[in-house]
Structures are given as structure tokens and as C-alpha cells.
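Chain by chain, the residues:
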Amino acid sequence: MRGRGLDRPLVGTVAALTAFGILMVYSAGQTDVPTNAQGAWLRQLAWVGIGLIGIAAVFRMNFRLLEWAAPSLYTLGLALLALTLVIGTGGGTAAGTRSWLTIGSVRVGQPVELAKLATILVLARYLSSLRESPRTLRDLLTPGAFVGVPFLLVLAQPDLGSAIVFAGILFAMLYWSGVRPRLLLLLASPLISLLLAANVLWWGIWMLLLFALLVRWRSYVAEGVAVYVVNAAMGVLAIILWNRLQPYQQKRLTTFLNPELDPSGAAYQAIQSKISIGSGGLFGTGFLQGPQKRLAFLPEQHTDFIFPVVGEELGFLGVLLALVLFFTLLLILLRIARRAGDPFSSLVTFGVLGLMFTHLFENVGMTVSLMPITGIPLPFFSYGGSFLLTCYLAIGLALRVAWDSRVSGYTEI
Amino acid sequence: MSTLSPHRVRERAAGARAVLLGAFVLLAGSFFKAQIIDREGYRLQSATNRLREVRLAAPRGTIFDRYGNIIAENEPGYSIKLFAPSEDSLRAVLARIRKLIPFDSSAEEQVLRRYAGARYQPALLTGTASFEDVSRLEEHRYLLPGLVVQTEPRRVYRTRGAVAHLVGYVGEVSEGDLAEERFPGARLGTIAGRDGLEQEYDSLLRGVEGSRYIEVDARGRMVREDAATFFVAPIPGSPIRTTIDLPLQVFIDSLWQAALPGTRGAMIAMTPDGEILALYSAPTFDPNAFVGGIPGRTWAELTRDPAKPLFNRATRGKYPPASPFKLATAAIALKRGIVAFGTRMPEPCRGGLQYGNRFFRCWKREGHGSLDLTGAIALSCDVYFYQLGLRIGLSNLLEEGTRLGFGKRTGVDLGSEVEPTYPPSTAYYDRFYGPRRWSSAVTLNLAIGQGENDQSLVGMTQFYAALAGNGTAEPPHVVRPPAGARSRGLGLTTAQLEGLRTSMMDVVRRGTAAASGGRELNVAGKTGTAQNPHGKDHGWFIAFAPADNPKIVIGSIMEFALHGSSVAPHVVRVIRRYLSRFDPTLARARVNVAVQQDSAPRVVEVPVDTTGAGR
């Protein structure tokens, strides 16, 4: 392996994010009240070591082999996911779900994280095999199904956050494969209907708008009718689905819309997170010094809500630094995807970008009440082995793609 | 490679970059708003999350007597407070504390009440912990989360019960007090004066509480006792100087405890200018018991005691003034020019007076014969004063009596005071009995201090201070005359005052065998026996001395004492004690006391006077 071929900006950014993340996990363990986060940073460091091995392994892997193995990996991932539905246990931040695979009493890992990677691979393989970009909703049925299966399996756990990530991956990769945004909008329309169904007026406006768009875009009649019917059905289904949601999920959604409704209960996390961030100000209270964290007002301060620790202790400047690092990473991934030597590599890289972006936006967004609270981790920051390993494997893929394209002498046009 | 041809990829990359940029701006903007624009609000919320105020009591001002002796001061004490996240955890900690230091279940109830009143503040367990208790608790601190031990100034009254009704006591401000705004500036649990001087001058004595803060975790458990973020030092209260003669006050107490155990009553000593030298009510109580929260059992004992030890008989007790009031009748008559000291009444005393269809008795069945005013005062002849009252006339008697202040509180600066009963005009009788359902026979009762006439000890003593002084008594006071309190001008000439004093002393010359050598101390006074429809009569004695140049005026009432003359000896001892401070030879002086053979008339039945004058 030639050192020259290694994408140095990517390595540097990931190294910086990892160091930043470890420091924050360490800080999260420094509290006045004993928490289980105390030694987490050491375990996280061990996971970083495992992650580095993962990067090296993936980096040495031939992408053609990976492309060939994608369906098997995907099947394996689905099998493990399905297994969690049978023998899965709750644990960590996902106490209410069955996302953990446990052997004996040892929690081995959360298969969903690896399933995300497998889904990216199989989707990349399918989309790169197409001669033409999907043009109709019908064309989207197959890729939709690839994501739909793990999406539903995860929802059944139930893990709303990861389901959103699968959706994010699908939309990112479809976009990168050339599906027109208007088609993506139609694909997303049932979801929008679902969300707007809570308010009859908004839903009515949306249905009118959808009708206008369908007419304007002159889609196939059957397709247009199907989209419209599905949207209408979603409006009705919403109520039924709503009742099927777990109470804590309902609460999270309602309190996202109005956190003051229930300050001690479900909105507690949202409020305390925002207090931590807001009280940090420009410079923060100082590393390790955040009172909200120290006194355990901030829930899950080493996992899902690690970013408020950044906000509280390092202030707006620390937040800005973290965000700049993250978006630098995303832009590097975008660059690698653009320069990739083959469609499969490019799509895999963009899938990784979609994965990272969805996690970042949802996790950071929920800490400032920009997004509803769903328990998904922040890459390189949140404590947790499965996800950290997944992130490193994903970075390994991107590194390999970057190396491949450099070796083949790609020059930007 | 058609789907990912370079030019199309560049287009999509631009779109992706736009989305990323938008997301970055959205996130960064949200953080900017929270951390820069709304920062102060969140910082306050963070502080309220974790900081709990612990109030620091301000030392109350010292109360001095007229010589600089200390009546009330502070000593360092320990207060034990408990900070708890929930009522259950408070109960658990209390259960553990109960094994270490003793406290009864009513105290526990009180702690829980205090906690319910202000959850975010440490609830007071006791304000009077001993050093031993504190060290035992400190040893087991790890078992007692939320324990806050503070050294706090604690009120102490070294002379205990001797000054109880004078200084009052202190206690925590309750929710009811806050609702009534009784203590401006005080908060729930603040120590405030509840009675006497402590209450009257509370705004001066109290000072301003300070505060410090403790830090708690998310479950409300105390993490750090001193979060040095803020510290507001308490401002001590101001000292006050009183007119009290503390040695005299203590003397009265020890005298009463030794010579009159169990006797209910009161005694007030003042100068003729209205400066109160001593004020005592019996039975008394220990005001120290209230400091740091009175134990429920002690409170129950005090309030259920039929002798009502908390009741200040000197200012709140109301009694028929009886014979001492005859001097008021005489003063009114003199002022109006109706009589002179030599004036005799048409009917000599034959043991009573027929008025209308009723016979009004004199206390002396055999009768006094024909008397002039001097003699009538000296012998306290009822028949003379019946006729004097009739001669003054009811309207005039009421009008002049009201002018003398018998219908008003004196305004003494010792907390609440009872309002005396004295009809301002005849309309009072119309209202009380109905028009024409009463007769002018009420005049006869009024003239001898019975009937619709109830006075407080402090009011009667003030009247005698006017007699003893220059005819005008300043409002009685302990610190300073209250604003708006009026002096009582008798409207008598110096000669008339002199005559009244002489009449009071007359009985000495007549009564006692004069065989004295050396110093003599003449005490002018008036005994009285107030009718008590519920039991034995109450004895009055109001006196001043030395008779020719009064320096001290003392009023005393003893419930169920039968006769005023049994009150007199005690008063005389107090007078001698006070005066010998200025003239030590008086300590051995022979004392001539004007103790008249007193009237003890039964309630004279006026046909309409069925309710016994509504006392």
C-alpha cells in the first residue's frame, strides 16, 4: 500500500473527530453523581482499536469481491435483524427496544448498525447495474424493497431512529444514481401525508398541492392515481398507525411539537438538552466543568446526548468546530464519491455519506429541538461499539474508493 | 456508467453540496440562537436546576434596658435543616435521624409541613440543636443526604419568664402571616417577633436575611454544600433601648414566684412621665421555649393551661376598675367645679342609698356618716360617690371619662392591647338595652367603677401617673411614645391634684398609729375590689411614691385576690426596692401605706343591668 494513495484529508478529519469524540466521552464520565459513563471512554478507546483493524481489513478488500458478496452480506444482516425480533433484548439507550443481540448474558452488538452497511452495498450493487436511472415510481419498487425490508424489521423492534436512517440512505443513493428530485418527492409523499394527517387543514393543502404537481409533471395516469390514493390512505392510516405506536414514541412526537406540555416527562430530555447547550454560551463552562452534565440533569450524556456536552462545556465555538469537522468529512465523502472509478464505488461512498449525514442531522438536530427525539447515535462521539465499528468500516470503504481512484489516475474534470 | 457520467455527477454533487450547506447553516443557526441569543435564559434555567437557596438568618437586634442591661440577645446556636428531593426521602432521613437524636412525632409533622411549604428550600428540623447532637449527626453524615447544619444566631432571654410578656417571643413566619402581610419583607420561615417588644419593633429588630446556595443533582440530592456562586450576607437587626428597669422587673418576678405562687395577675411600674419601668403578668412562661420552634407538647401545655400563661394581663386583661375609679369621678367633679374638697353630700352614709325603687349599698353596712370629699376618698365611701355621680350627671360623666381616655387604648408599644369599655355617650345604653329600658341608676354604678366600665391595668396605671405627676400623663411606653397616642390631661389645677393626693394619704394619718423614728416612706394608693361574677373578686392596688414627690407609679391586679389590701404589700415592696436605688436609706425606712378599708360592694342590681355590664 502506498502512503501516497491514502486520502489524507479524510484520515485527518476522522482522526480529529475520533479524538474529539473520545475526549467528550471521557468528559461525559466526569460527573458528581456516579453514572455508568465513568469508564466508558476506555471501552470506547478499545472500540477505536477494533475499528482501526476494521478499517485496515476493509481497505485491503477488493471492491469487486465486495460487490459480489453484497447480497450474502445483506441476507446475513437481515437474518440477524430478524433474529433480534425473536431473541433481541433491550439495553443501553435502547432499553425499550429489542435491538440487541445477546449470547448468554453478553450483549454482542446491535445488528442494525451492520445491516445499514449491508443495505448500502446491496443497493449500490443494484443501482450500479442499471443502464438508466429509474424514471418512474415502478422503477423504484426494487430499490425500495431492498431498504423496505430492513426498514420494517427495524420499525418492528421498534427503533424509529434507525428506520429514519434507512430512509435517509435510500433517498441519498437514489438521488446519487440520478433519480429526479420530483420522483423522490412523490416517493416521500406518503410519509409527508402521514405526518400532516394530524392536522386536517395542512393535510388538505398538501393533497391539493400534490394533485397540482401530479398534473404539472404529467406523470403516468396509473402512477399519479396510485400516488394520490396512497396519500389519501396514509391520511386515514395515520390515525391507526398513531394508535399502534408505543406510548413513548407518541410522547416523543407530541413533545417535539410542544415541549412545554410535559416538562418532567418525555420533554425532559429535550428541555435539559437545550438548557445544557444554551447555558454554554460562546465559550462554554470549560472542559469537564458543565454543571448540567456533572449533576446528571442531562440524560444519556455519553451516548445519544453527547453533543449537548460539547455545547455546554465548549460553547458555541466548540459546537462550530465539531460541525465544521463533520461537514468537512461529508464534503470529503462527496468528493470521493464524485471521483470514484466505478458506479458501485461511487454509490457506496454516497451511501456512506447519506448514513453519516442522517445520523448527524438527526442526532444534533434533536439536541436543539430541531428534530424529534429518536435514539440514534452521533458518529465518532456517542459511546457504543457496534455503531463506532460501523462508522470505521464505512470510512474504510471510502478510503479504499479514494485509493482506487487515485491509483487509476483519476483527475477531476 | 450512464447513470454516473461525469457531467451529471457534477450536477448532483452541486445539489448535494447545497443540501449539506443548508443543513450546516440550519444546525449552526439553531445553536447560535440557543447559545448566543437565548443564552441568559438557559443559564438561569441551568442555575435554577441545580442551585437551592439556604437562607442565612440575620441576628436580631439586642434589647437593652434603661441602664444598658441586656433583656434579649443572641447566642450562637446550631440549626439543623434537611434538604430532600421528595417527601419519601425526607421521611427516610428523618427515621434515621430519630435514631441519633431525640425528637417527637409532632416535630416530624412540622418538618414535613415546612417541607411541603417550600420544597426547594431546606426544611428546618430544629433551630436549637446542641453541640452533641450536631456532632453525632456529622459523624453519620454519609447516612443523611441533604443534611445542612448551620451556625445561626439564636435568640436568648437570660431572665427567662421574668420578661416574657414584656419582650414577647419569636417564631417562624407562617403562610397565614404572609397572607395578612403582618411582617413586611419577611418570608416563609423567617424568624419574626410574635408578641410584646419583639413584635412591636420587629421591623427594627429583624434585620435582613442573607442567603447561600447548595448544589443539587438531577434527583434533587445535595452534591455540594457551598456553591460559591452567590453569597448574600445577612444584615443584622438594630438594637433597641427600652425604659425598662431590668433589676426591678426581675425583682417583681422573683417576688411573685416566692410570695404569690399560682396567683394570676399583673403589675406595671412606670414613671409619672409614662416610661414603663417594669411590666409583668403572671403566670408567666419561658420565651426561650419558642426559639427554634416550640415543641408541640409545650405549646399544648401553654395554650390549654386554664391560667392562660400566654395572656398578657397587664395590657390585654380587662377588669372593672372598682374603687380606683372613684378618683376619676372625683377628678371629673373637681374639674367641673361641682364640688370642693370640703363639700358634703345631702345624704350622709347610712350603709346605703335609696335611689328610685332600689337600695344601693355602701360596702360598710354601718355607714360612714356625713363625709366631705377628702373623707369620702380616704374611706372610699360608696354612698358619697353615688351622689357625686348623680350630681355630675350621666352625660357629663360619660363625656369627661371619655375625654380622660377611659374609652381608648393607651397605645402602649407592646403589641396588641385590649380596648377598654366605657360608654362614650348615653346612646350606648340605648343601643345596649334599648331606649328607655334603662334608668339613670347606671350612673351610680359607673361612679364607683362598676357597670359598663372595664379598664386595663395599663390604662388605670396611666391615669394614676397623671394624678402623681403634673396632671398630664404621657402615653405609657417602653421604647418611645407611639405616634398618635395622646396624653391624658386631667384638667385639674395643681391645688386640686395636691388635694387628691392628700386625700389618698389621709387614711394613713387616720388609720395607723403614728410612732415612727427615722426615715419614712409615704405611699399613696388606692385599693379596689372588682366584682367578678364568675368567682372570687379581683383585687386592685394602684399607688405612687413618695407621696409628696412621686417618682414611681405602680398598678397591680390580682385575680381572685378577694381584696385590694392583700395586693398592696407586694406593690409596696417593689416601690421600696425601686426607690432605694436612689436613696439607700429608704431600704430600712418605715413605710406608711394608704390602704383604705376598702369597699367590697356586691353587684348593685339595677333593674335593666342584667348582663353584669358585659365584661
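Above this text you will find the structure in question.
Note that the coordinates shown come from a computational prediction; the quantities given were computed from them, not determined experimentally. (Residues numbered from 1 in each chain as written. Chains lettered and ligands numbered in written order. Predicted model: local features only at pLDDT ≥ 70, side-chain atom pairs only at ≥ 80, totals over all residues. Heavy atoms only, no water.)

Q: Teacher, can you tell me more about the state of the cysteines here?
A: Among covalent bonds in proteins, the disulfide is the one between the sulfur atoms of two cysteines. Counted under the stated rule, the structure contains 0 disulfides over all chains. Summary of cysteine pairing: Cys381(B) is not part of a disulfide, and the nearest cysteine sulfur, belonging to Cys349(B), is at 3.7 Å. (Disulfide = S-S within 2.5 Å.)

Q: I would appreciate a short explanation of helix α14 (residues 382-392) of chain B in the present structure.
A: Spacing of three or four residues puts side chains on the same side of an α-helix, whose turn is 3.6 residues. Residues and elements named next belong to chain B. Here α14 lies mainly inside the structure; 9 of its 11 residues are buried. Regarding α14, the residues found buried are Asp 382, Val 383, Tyr 384, Phe 385, Tyr 386, Gln 387, Leu 388, Gly 389 and Ile 392. Elements in contact with the buried residues of α14: α12 (326-335), β13 (352-355), β14 (358-361), α13 (373-379), α15 (394-403) and α17 (442-447). One or two residues past the end of α14 sits Gly 393, with phi positive at roughly 95°. (Buried < 20%, exposed > 50% of the residue type's maximum accessible area, 1.4 Å probe, protein only. Helix = DSSP H or I, 4+ residues; strand = E, 2+ residues; numbered from the N terminus. Contact = heavy atoms within 4.5 Å.)

Q: Quick question: what am I supposed to make of the packing of helix α7 (residues 181-196) of chain A against helix α9 (residues 221-244) of chain A here?
A: Any two packed helices are characterised by the angle at which their axes cross and by the distance between the axes. Residues and elements named next belong to chain A. One can describe the packing of α7 onto α9 by two numbers: an axis separation of 6 Å at closest approach and a directional angle of 25°. As the angle between them shows, α7 and α9 are arranged roughly parallel. Where α7 crosses over α9, the two elements pack in a sense that is right-handed. Counted together, Leu 183, Leu 186, Ser 189, Pro 190, Ser 193 and Leu 194 of α7 and Glu 223, Val 227, Val 230, Asn 231, Met 234, Ala 238 and Leu 241 of α9 form the full contact between these two elements. Its residues placed into classes, the contact of α7 with α9 shows 9 nonpolar, 3 polar and 1 charged. (Axes fitted to C-alpha atoms, helices over the stretch in contact; angles between N-to-C directions. Parallel < 35°, antiparallel > 145°, perpendicular 65-115°, else oblique. Left-handed = near helix turned anticlockwise from the far one by under 90°. Nonpolar A, V, L, I, M, F, W, Y, C, P; charged D, E, K, R; others polar.)

Q: It is not clear to me how the environment of Pro424(B) should be interpreted in this structure. Could you clarify?
A: Residue and element names in this part refer to chain B. Assignment of secondary structure puts Pro 424 in the loop between α15 and α16 (427-433). The class for Pro 424 is partly exposed, based on a relative accessible area of 48%. Taking the C-alpha atoms as reference points, Pro 424 and Ala 340, 84 residues apart in sequence, are found 26 Å from one another. With residues near it in sequence (within four places) discarded, Pro 424 still touches Leu 398, Glu 399 and Thr 402.

Q: Looking at this structure, I do not really get the sheet that holds strand β20 (residues 590-593) of chain B. What am I missing?
A: Residues and elements named next belong to chain B. Spatially, β12-β11-β19-β18-β17-β20 is the arrangement adopted by the 6 strands of the open sheet, whose pairing is mixed. A single partner strand is all that each edge strand has here, and the edge strands are β12 (276-282) and β20. Direction aside, the axes of adjacent strands within the sheet are offset by 15° on average. As judged from the 7 bridges shared by strand β18 (residues 538-545) and strand β19 (residues 552-558), these two strands associate in the antiparallel manner. Across the sheet, Phe 544 pairs through a bridge with Val 553, a residue of β19. (Pairing = 2+ DSSP bridges.)

Q: Hey, could you run me through a nonpolar patch on the surface in this one?
A: A cluster of nonpolar side chains, Leu73(A), Leu76(A), Leu80(A), Leu83(A), Val86(A) and Ile87(A), forms an exposed patch at the surface whose accessible area comes to about 500 Å². Mapping Leu83(A) onto the fold places it in helix α3 (residues 63-87). (Patch = residues over 30% accessible without salt bridge, like charges linked within 9 Å, V, L, I, M, F, W, Y side chains within 5 Å. Areas by Shrake-Rupley, 256 points an atom, 1.4 Å probe, with all protein chains shown as cover. Salt bridge = Lys/Arg side-chain N within 4 Å of Asp/Glu carboxyl O.)

Q: When you look at helix α5 (residues 131-139) of chain B in this model, what are you seeing that I'm missing?
A: Residue and element names in this part refer to chain B. Turning to α5, its buried residues are Asp 133, Val 134 and Leu 137. For α5, the arc enclosing every buried residue in end-on projection is 95°, short of the 170-degree limit, so these residues lie on one face. The exposed set on the far side of α5, more than 90 degrees from its buried face, consists of Phe 131 and Glu 139. Residues of α5 that are buried make contact with β3 (70-82), α3 (87-100), β4 (123-129) and β5 (147-156). (Arc of directions from axis to C-beta.)

Q: Looking at this structure, I do not really get the side chain of Glu417(B). What am I missing?
A: All names here are of chain B. Mapped onto the secondary structure, Glu 417 falls in the loop between α15 and α16. The buried charged residue Glu 417 lacks any salt bridge, with Arg 409 as its nearest oppositely charged partner at 5.5 Å. Here the side chain of Glu 417 touches Thr 410 through a polar contact of 2.8 Å, side chain to side chain. Among the polar contacts made by the side chain of Glu 417, one reaches the main-chain amide nitrogen of Gly 411 at a distance of 3.0 Å. Setting aside chain neighbours within four positions, we find Glu 417 in contact with Thr 315, Arg 316, Arg 409, Thr 410, Gly 411, Val 412, Ser 456 and Val 458. (Lys, Arg positive; Asp, Glu negative; His and termini not counted. Polar contact = N/O pair within 3.5 Å; in protein donor to acceptor, adjacent residues only side chain to side chain.)

Q: I keep staring at the sheet that holds strand β9 (residues 222-224) of chain B and nothing clicks. Help me out?
A: Backbone-to-backbone hydrogen bonds join strands into a sheet, with any given pair of strands oriented parallel or antiparallel. All names here are of chain B. What the 3 strands build is an open sheet, ordered β1-β8-β9; its pairing is antiparallel. Edge strands, defined here as strands with exactly one partner in the open sheet, are β1 (51-56) and β9. Recorded for the sheet is a direction-independent mean angle of 55° between the axes of neighbouring strands. The pairing of strand β8 (residues 210-216) with β9 spans 2 bridges and is classified as antiparallel. Along β9, the bridge assignment pairs Val 216 with Met 222.

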